[in-house]
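# An overview of the molecular structure
One letter stands for each residue in the lines below.
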Amino acid sequence: MVRFNVRLIKKLLLYGSVTILLLYLISTFNSPVHIKVSVPEDVDVRQTIGLKPLPEVHQYKEGHEIIDPVLNRNKFQPEVPNKLSDGKTYEYTWVESAKLRRAREEVEQKFQEKVRDLGNDQEKIKESGYSEHGYHSHLAETIAINRDIGDKRHPQCKNGGWPSDMPKASVIFCFHNENLVVLLRSIYSVLMRTPPELLADIIVVDDASTEAHPDIKQPLDDMVALMGGKVKVLRLDQRSGLIKARMAGAAFSTGQFLVFFDAHIECSHGWLEPMLERVYHNPTTVVCPCIDIIKHDTMEYPNNAQQEIQKGGFHWGLIYKWIPLNATQRAQGITAPQASATMAGGLFGMSREYFYQLGTYDEEMKIWGGENLEISFRIWMCGGRLEIVPCSRVGHLFRVKNPVSFPDGSDTVSRNTRRLAEVWMDEYKEYYYDIQGGKGRDFGDVSARKHLRDRLQCKPFKWFVENVYPELVVPDESNFALGSIRNPSSNLCLDDLQKLEDEKSEKKVGLYWCHGQGGSQFFVFSKDYEIVALRKNDYCLDNSNYAPGATLEWYPCHKMGGNQLWTYNTQTQELIHVPSNNCLDTRSLKAKDFVRLNPCDGSLSQQWEFSKVCSKETLWKKVK
């Protein structure tokens, strides 16, 4: 006999939604559910799908907590188990039904025929896929959805032995106009390589994919209906962005452990247990798998288990970057979980309770960008810990370019990063504005997030820099000089000419009219006698051609001096490349030209001024 929650039904009727009532009745029978949700701008997606509404962050008053719709608890009370692993080995027992196998084979055949119909111009076919999805999607369509990728783990990770009462996980995929075969391969990889007793459900959130992609409409629904009830599709009728889509997926899920995945991944064997175990023993730990790269042009998933992992950092444009482990971390061994200052954002897991206690996401961030650093700062500064777990391997298909457009063409990344700078970075936000620009531009109301920070009693950003990310190059007064590098006689400044933004462009060092707004004209003359552009990946002014008239380039800083070693004569104002003993020169050059090196001759074209000199010493004498 099925019992219905009469109180909840009355509430759903008050919402005036027959669809939501039907959803509740269907879900009571534990049947596969496909939801289509219409989300007006002013409606909370949680209310729309019929779950208990969460108080909006901006509605917080003193003493309010975030309420999770599944746990229905208003306070996080971590319960750290006092026992170690009891040696359980979880079984991988998911079996593809005959109906699902036939449906999968039909989808594979349909797409293989589609690729054949595109003709024999392989370059044109490849470019079509890249244009649509940012990777060779037509090649991906010819590969089996349930392909065997082999076991990507290090041999030391295969010993097994896990706690027998680890929580169940919900895996949440979010996508917009994703390729159907790649999406299904992502879902299949979770089903095939996850112990069923550890998998609560898989929530597939469609962030308003367009009608130009009909394959991920009914064909996806038909496949999901045959997957046994654990996979559910949640469709948003209006584009809401990654942040709100993930929040909707989390609210609809039922697991005690939330895993957020991009929709173009493949899980390796044993990916979940190592992540679960870290959180089982410490619920305020947030974990990322080791992200392996699936090659965008061949779809190959290489075995990288013997390679040392890297951890997450960021540069002052507030964009994620990979950095090497330090010596202490390397000494812990190749399979040891490692603390990471930041996460890439596309693949991570955390306790459901902790996700809500920590404040989920900043809902006023738009679409995509910056949310990974925002949650990373919040984890560390508010008492948590962020780790990368090498024994958990998940392949990620990195796009060459982002094919997804942003609604109304707005620059959501810059707006979002301004929000996180204003809330979390304290006085360090001025370095962000110096380097990235944009100070004074709109970032919305951040009062609710600042209140959240106060309520969680979070540490200052200075603590984060000193204790979590000491590798960060801070453009403060411990350096020799900061800011623009200007030639007074021409009023031309060194400028990266946006060359650092394009990975494929030649990174020549340019000149442009001095504008005093930082950004492309903000540099640091470091204590290591390097001239560093901090906007992207810490590039240094470099020259390997000592001939007169040679141009210069931005090259990743290597801290070894050599072609990146510079000195400044404070008497003559010459900026001297030490290996060649030549001077930076603007002679006969104009805006947008590339700056040159010429023999030092004391001319006006070789005189340079820094907008802020921090050291009063004669840098020339120090090098000599």
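Calculation notes
- Residues numbered from 1 in each chain as written.
- Predicted model: local features only at pLDDT ≥ 70, side-chain atom pairs only at ≥ 80, totals over all residues.
- Heavy atoms only, no water.
- Helix = DSSP H or I, 4+ residues; strand = E, 2+ residues; numbered from the N terminus.
- Contact = heavy atoms within 4.5 Å.
- Areas by Shrake-Rupley, 256 points an atom, 1.4 Å probe, with all protein chains shown as cover.
- Buried < 20%, exposed > 50% of the residue type's maximum accessible area, 1.4 Å probe, protein only.
- Salt bridge = Lys/Arg side-chain N within 4 Å of Asp/Glu carboxyl O.
- Disulfide = S-S within 2.5 Å.
- Axes fitted to C-alpha atoms, helices over the stretch in contact; angles between N-to-C directions.
- Parallel < 35°, antiparallel > 145°, perpendicular 65-115°, else oblique.
- Left-handed = near helix turned anticlockwise from the far one by under 90°.
- Nonpolar A, V, L, I, M, F, W, Y, C, P; charged D, E, K, R; others polar.
- 1 Å grid on protein atoms, 1.4 Å probe; cavity = no way out; pocket = protein on both sides within 12 Å on 5 of 7 lines; lining within 4 Å.
- Points joined across faces, edges and corners; volume = space filled by probe spheres on them.

Turning our attention to the overall build of the chain. What the chain contains, in helices and strands, is 18 helices and 25 strands. Looking at the chain alone, contacts between residues at least 24 apart form 74% of all its contacts between residues at least 6 apart. Roughly 27000 Å² of accessible area belongs to the chain as shown, and the carbon and sulfur atoms make up 49% of that amount.

Positive phi values are uncommon outside glycine, yet Gln-457 reaches one of about 55 degrees. With respect to the element layout, Gln-457 can be found in the loop between helix H16 (447-455) and helix H17 (461-467). According to the relative accessible area criterion, Gln-457 is exposed, its value standing at 69%. Even without being glycine, Asn-491 reaches a positive phi, approximately 60 degrees. Mapped onto the secondary structure, Asn-491 falls in the loop between strand E13 (481-487) and strand E14 (492-495).

The next thing to look at is the pattern of salt bridges. Under the counting rule described, the total for this entry stands at 34 salt bridges. For the salt bridge of Glu-387 with Arg-385, the shortest nitrogen-to-oxygen distance reads 2.7 Å. Here Asp-528 ties to Lys-559 by a salt bridge, and the two come within 3.4 Å at their closest N and O atoms. Taken together, the positions of Asp-528 in the loop between strand E16 (523-525) and strand E17 (531-533) and Lys-559 in the loop between strand E20 (553-556) and strand E21 (566-569) put the pair 31 residues apart, joining distant regions of the chain. Residue Asp-528 is classed as partly exposed on the basis of its relative accessible area, which comes to 43%. Ionic contacts of the salt-bridge type, sharing partners, join the residues Asp-206, Lys-217, Asp-221 and Arg-235 into one network.

Glancing now at the state of the cysteines. Applying the stated criterion across every chain yields a total of 5 disulfides. Each sulfur in the disulfide pair Cys-540 and Cys-557 lies 2.1 Å from the other. Between Cys-540 and Cys-557, the disulfide has an S-S torsion of 100 degrees and is therefore right-handed. Here Cys-540 is found in strand E18 (residues 539-542), whereas its partner Cys-557 is found in the loop between E20 and E21, with 17 residues between them in sequence. Assessed through its relative accessible area of 0%, Cys-540 is described here as buried. Note on Cys-290: no disulfide assigned, nearest cysteine sulfur contributed by Cys-157 at a separation of 9.5 Å.

This next bit is on the packing of helix H4 (residues 98-117) against helix H7 (residues 180-192). At a minimum axis separation of 11 Å, H4 and H7 run at an interaxial angle of 150 degrees. Here H7 runs roughly antiparallel to H4, going by the angle between their axes. In the crossing of H4 with H7, the sense of the turn from one axis to the other is left-handed. Taking contact as the criterion, the partners of Leu-100, Arg-104, Val-107 and Phe-111 in H4 are, on H7, Leu-180, Val-181, Leu-184 and Tyr-188. For the contact of H4 with H7, a count of residues per class yields 7 nonpolar, no polar and 1 charged.

Relative to the helices and strands, His-577 resides in strand E22 (residues 574-577). His-577 sits in the buried class, given a relative accessible area of 0%. With residues near it in sequence (within four places) discarded, His-577 still touches Asn-543, Tyr-546, Asn-563, Leu-565, Trp-566, Asn-582 and Leu-597.

What follows concerns empty space enclosed by the protein. Left-over empty space is what a probe sized like a water molecule reveals as it rolls over the atoms. Applying the stated criterion to the full structure yields 4 cavities of 30 Å³ or more. As a volume, the second largest cavity reaches approximately 50 Å³. Contributions of two or more residues to the lining of the second largest cavity are made by H7 and strand E6 (265-267).

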